Amino acid sequence: MYDIIVVGGGPAGLSAAITARQRGKSVAVISNDASGSGLYRAGSVRNYPGFADITGAALLDRLYGHAAGMGAEHIRSRVSSVLPTRDAIGVSHAADVSHARAVILAVGVEQPAVFQGELELLGRGVSYCATCDGRFFRGKRVCAVMRAGDAESEALYLESIGCQVIRLASRDIAVNGRESVESVTADGADIPCEGVFIFRHTVAPASLAVGIELYEGHIKVDGDMRTNIPGLYAAGDCAGVPYQISKAAGQGQVAALSAAGWVDGSRQ
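Below you will find a few notes about this structure. Remember, predicted model here, so these are calculated numbers, not experimental data. (Residues numbered from 1 in each chain as written. Predicted model: local features only at pLDDT ≥ 70, side-chain atom pairs only at ≥ 80, totals over all residues. Heavy atoms only, no water.)

## Looking at the overall build of the protein
The criterion, for reference: Here a strand is any run of E in DSSP of at least two residues, a helix any run of H or I of at least four, and the numbering for each starts at the N terminus. Radius of gyration means the value over C-alpha atoms here, while the globule rule gives 2.2 Å times the residue count to the 0.38 power. Partly exposed residues are those whose accessible area sits between 20% and 50% of the maximum for their type, while under 20% is buried and over 50% is exposed, using a 1.4 Å probe and protein chains only.
Along its length, the protein carries 7 helices and 16 strands. Taken against the 2.2 N^0.38 rule, which gives 18 Å for 268 residues, the C-alpha radius of gyration of the protein at 19 Å falls within 12% of a compact globule. Judged by the C-alpha coordinates and their principal axes, the protein covers about 55 × 45 × 35 Å. Within the protein, the proportion of its 268 residues that are buried is 51%.

This is the structure we're talking about:
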């Protein structure tokens with residue numbers, strides 16, 4: 001178990017990792033490939049203190065190098081869900097689940113479009129994590145929406161534990177059901193099933209941590225970057241405007257200090 005897991009490898013997440021290591025906490029940063037981010041593709045960054053003109057890629061490389069040099073572990077993977085429990089918080093990524101005493105969300109602002117019926121049936125047949133929820137669908141028919149690079153491995157895992165998996169590549173999908181999932185409509189065809197696993201490159205914050213409170217489309221935090229879920233913090237663009245690198249780095253530092261305090265308290 002880690003002391004702190006940081007979800008996201010941008011300025012907020014890497015600043016958080018650096019500060020957490022300065023406080024002597026074990027840290028893992030779980031993130032997708034940075035080359036897909038808008039900052040990485042920026043040809044010139046001129047408003048980050050100390051760097052008059054630097055490419056986004058070079059800035060991220062320096063931040064990653066700093067965090068790694070401090071001893072932060074980097075796990076390149078897609079996070080599908082954050083699951084608070086009594087004594088820890090589980091972070092599901094690919095086919096694994098890592099645990100920490102505190103988690104910092106620094107996932108940016110990308111908001112993937114949700115399917116009709118997806119949020120209404122989340123937790124009642126709709127899932128984003130085969131490892132977390134696959135066992136509930138052994139011997140049952142499920143649909144797998146293949147929108148992420150690791151979707152095939154997730155689908156194969158579902159099959160390995162006894163699920164009957166129907167792979168869907170359609171972008172026009174509706175999830176149907178009243179109390180639980182009953183079917184999926186894709187390209188005009190109605191497919192009976194008991195579960196739907198949606199594998200996207202990114203997951204919206206409201207779906208990433210069920211029950212997390214939002215404000216104007218962002219994760220709601222207080223001045224210490226705490227969310228409404230104990231032990232869960234947020235920083236950077238996902239926590240609100242302005243979308244600025246310096247602001248994100250500062251919030252990452254505050255979140256790490258708050259999370260470190262939470263970890264120290266949980267050990268007493």
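## Quick look at the environment of Phe 51
Stated formally: Contacts are assigned to residue pairs with any non-hydrogen atoms lying within 4.5 Å of each other.
Residue position: Phe 51 is located in the loop between α2 (38–41) and α3 (56–70). On the basis of relative accessibility, which here comes to 24%, the residue Phe 51 falls in the partly exposed class. In this view, Phe 51 contacts Val 45, Arg 46, Leu 59 and Arg 62; residues no more than four positions away in its chain are not counted.

## Some thoughts on the sheet that holds strand β11 (residues 183–186)
Stated precisely, the cut-off is as follows: One requirement defines pairing of two strands: DSSP has to find at least two bridges between them. Under this scheme, a helix contributes an axis fitted over its contacting stretch, all axes are lines through C-alpha atoms, and angles between N-to-C directions fall in the 0 to 180 degree range.
Strand order in the open sheet made by the 3 strands is β10-β11-β12, with antiparallel pairing throughout. A single partner strand is all that each edge strand has here, and the edge strands are β10 (173–176) and β12 (189–192). Neighbour to neighbour, the strand axes of the sheet diverge by 20 degrees on average, direction disregarded. Pairing of β11 with β12, which is carried by 4 bridges, proceeds in the antiparallel orientation.

## Considering the sheet that holds strand β13 (residues 195–200)
Pairing is parallel across the open sheet formed by 4 strands, whose spatial order is β7-β13-β8-β9. Edge positions in the sheet fall to β7 (126–127) and β9 (164–168), since each of these pairs with one other strand and no more. The sheet contact formed by strand β8 (residues 141–147) and β13 spans 6 bridges and is parallel. Opposite Met 146, over in β13, you have Phe 199 as the bridge partner. Its contacts with the sheet place helix α5 (residues 151–160) against β8, β9 and β13, and it is angled at close to 160 degrees to β9.

## Observations regarding the side chain of Ser 98
Here is the rule: Here a polar contact means two N or O atoms within 3.5 Å. Within protein one must be a hydrogen donor candidate and the other an acceptor candidate, and residues neighboring in sequence count only if both atoms are side-chain atoms.
Position of Ser 98 among the secondary structure elements: in strand β6 (residues 96–105). Residue classification places Ser 98 among the buried residues on the basis of a relative accessible area of 11%. At a separation of 2.8 Å, a polar atom in the side chain of Ser 98 contacts the side chain of His 93. Ignoring any residue separated from it by four or fewer positions in sequence, one finds Ser 98 in contact with Tyr 2, Ile 5, Ile 75, Ile 89, Gly 90, Val 91 and His 93.

## With respect to the packing of aromatic side chains
The relative placement of two aromatic rings is captured by the distance of their centres and the angle of their planes. Selection criterion: Classification of ring pairs uses Phe, Tyr and Trp, with its six-membered ring standing for Trp, and accepts pairs whose centres are within 6.5 Å; under 30 degrees between planes counts as stacked, over 60 as edge-to-face, and the remaining range as tilted.
A complete count under the given rule lists 3 aromatic pairs for this structure. A ring pair is formed by Phe 137 and Phe 197, whose centres lie 5.5 Å apart and whose planes are at 80 degrees; its orientation type is edge-to-face. Within this pair, whereas Phe 137 is found in the loop between α4 (130–133) and β8, its partner Phe 197 is found in strand β13, the two being separated by 60 residues in sequence. The exposure class of Phe 137 is buried, given its relative accessible area of 10%. These aromatic residues form a ring-pair network of at least three members: Phe 137, Phe 197 and Phe 199.

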